[in-house]
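# Observations on the three-dimensional arrangement
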Amino acid sequence: MGKVTPYYAPGSLSAVFYDRITNADGKLLGDEDLYADLAPTGGDVLELGAGTGRLTIGLARRGFAVCGVDISPVMLAQAEAHLAREAPEVRGRVELRQGDMTALNLKRTFGLVICPFFTLAHVPTGAAWRNTFAVAARHLSDGGLAAFHLPKLALMQGLEPPDPRRPVLDQHLGEGRALLLFVKERSFKPGVNRLEQVIEYVLADETGRIAHRSAERLTYYMTDPAPLAAAAGLVLDRPPIDLGGVGDIYVFRKGP
Ligand SMILES: C[S@@+](CC[C@H](N)C(=O)[O-])C[C@H]1O[C@@H](n2cnc3c(N)ncnc32)[C@H](O)[C@@H]1O
């Protein structure tokens, strides 16, 4: 295996194929409904780690004004491209910004802050999580909710070693081309609760020949979020909501 690049980096296939893979992922089914139910009617939503705009644009289509922030220019460029194809009234409800969720200050508040699909798990627990909870609290109006979707620690630490030769995904791209994903490496570091995986993206052409391959590192950091959120004034509002059996959505309320 050659060079390993980070997930969502410029030129990465994880960014190029993000929508295709995510849309086929049944474990995320219903997340947009759930976030829409949490949003106050007519309220504004801030999405931390908006990616390609899957939820930012989806919620805007439902009538919410949504600000989507992401650190990755290649993910945001896709979000901008999707947004350009939306009706003017949807476009008018969306603001996309490049920014770091651990240090954001937009100097305004929202009724709901969301941090979907394991985005918080991309940064180390400790200071980065504490700072992100502080960012969420800073951007919430009093009584507002913050929803963080996090991987289940017990499940992630018990994952079997991968078979690096067996694809975990094999998708037809049309005209005989295919995208295959292999988990080449997987390790879990107890104590820091860090799951590291090297995922290889392989593009095969219509003759079955490998046209392009890219090894990309996906890291998840995990811990109980409640004490870190509490330090930022965010109190668990209800028991965590299971989503797809692999993650939980933690809903916090900003106290007065
Ligand atoms: C799994 S994707 C989720 C995208 C989108 N929320 C969704 O549910 O489809 C995680 C996103 O978090 C972004 N991200 C990672 N660290 C970040 C940070 N410190 N600040 C802002 N965005 C970050 C990545 O660039 C990526 O687009």
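This structure is a prediction, so every number in the text was calculated from the model and none was measured.

### Some words on the sheet that holds strand S10 (residues 210-221)
By way of backbone hydrogen bonds, the strands of a sheet pair with one another, either parallel or antiparallel. Spatially, S1-S10-S9-S8-S7 is the arrangement adopted by the 5 strands of the open sheet, whose pairing is mixed. Only two strands of the sheet have a single partner each, and these edge strands are strand S1 (4-6) and strand S7 (169-174). Each adjacent strand pair in this sheet contributes to an overall mean axis angle of 30°, direction not counted. Sheet analysis places strand S8 (residues 177-189) next to strand S9 (residues 194-204), joined by 11 bridges and oriented antiparallel. From the neighbouring strand, Val-183 faces S9, where its bridge partner is Ile-199.

### Thoughts on the domain arrangement of the protein chain
Quite often, the size of an interface is put as the accessible area lost when its parts meet. Segmentation of the protein chain into domains returns domain 1 (17-152 + 223-254) and domain 2 (155-220). Centre-to-centre separation of domain 1 and domain 2, based on C-alpha positions: 26 Å. In this assembly, domain 1 packs against domain 2 so that about 1100 Å² is buried in total across both faces, 68% of it on carbon and sulfur atoms. Sorting the residues of domain 1 by area buried against domain 2 places Phe-17, Arg-20 and Ile-21 first, and these three jointly supply 44% of that buried surface. In this structure, the connection of domain 1 to domain 2 is made through 0 salt bridges. Across the side of domain 1 that touches domain 2, the residue classes break down as 7 nonpolar, 3 polar and 2 charged.

### Things to note about the pairing of strand S13 (residues 247-254)
Where burial is concerned, most of S13 is hidden: 7 out of the 8 residues are buried. Note that strand S6 (residues 140-151) and S13 share 7 bridges and pair antiparallel. Among the inter-strand pairings, Leu-150 is bridged to a residue of S13, identified as Asp-248. Bridge count between strand S11 (residues 234-236) and S13: 3 bridges; the pairing is antiparallel. Paired with Leu-234 across the bridge in S13 is Lys-254.

### Let's talk about the site of the ligand
In the neighbourhood of the ligand, 20 residues make up the surrounding shell, with Tyr-18, Glu-47, Gly-49, Arg-54 and Asp-70 lying closest. Within the backbone of Met-101, a nitrogen or oxygen atom sits 2.9 Å from a nitrogen atom of the ligand. Coverage of the ligand by the protein amounts to 96% of the 600 Å² it exposes when considered alone. Taken together, the residues of the shell around the ligand sort by class into 10 nonpolar, 6 polar and 4 charged.

Basis of the calculations
Here the residue numbers are simple positions, counted from 1 along each chain's written sequence. Local features in a predicted model are, by the rule used here, given only for residues with pLDDT of at least 70; side-chain atom pairs are given and counted only at 80 or more, and totals for whole chains, interfaces and linings are based on all residues. The side-chain numbers reported here are obtained from all heavy atoms of the structure, hydrogens and water having been left aside. Pairing between strands requires that DSSP locate at least two bridges from one strand to the other. Secondary structure elements follow DSSP: runs of H or I no shorter than four residues count as helices, runs of E no shorter than two count as strands, and numbering proceeds from the N terminus. To get an axis, a line is fitted to the C-alpha atoms, and for a helix only the part in contact is used. The angle between two axes follows their N-to-C directions and goes from 0 to 180 degrees. The split of the chain into domains comes from an automatic or database domain assignment. Summed over both partners, buried area is the accessible surface (1.4 Å probe) that two parts give up on being assembled. Every case where a carboxyl oxygen of Asp or Glu lies within 4 Å of a side-chain nitrogen of Lys or Arg is listed as a salt bridge. Asp, Glu, Lys and Arg are counted as charged, while Ala, Val, Leu, Ile, Met, Phe, Trp, Tyr, Cys and Pro are counted as nonpolar; the rest, among them Gly, fall into the polar class. Relative accessibility decides the category of a residue: with a 1.4 Å probe and only protein chains considered, values under 20% of the type maximum give buried, values over 50% give exposed, and everything between is partly exposed. We call a residue near a molecule or strand as soon as one heavy atom of that residue lies within 4 Å of the molecule or strand. Residues adjacent in sequence count toward polar contacts only when both atoms are side-chain atoms; beyond that, a polar contact is any pair of N or O atoms within 3.5 Å, and within protein one must be able to donate a hydrogen and the other to accept it. To be clear on the numbers: accessible area is Shrake-Rupley with a 1.4 Å probe, and residue cover counts the displayed protein chains and nothing else.

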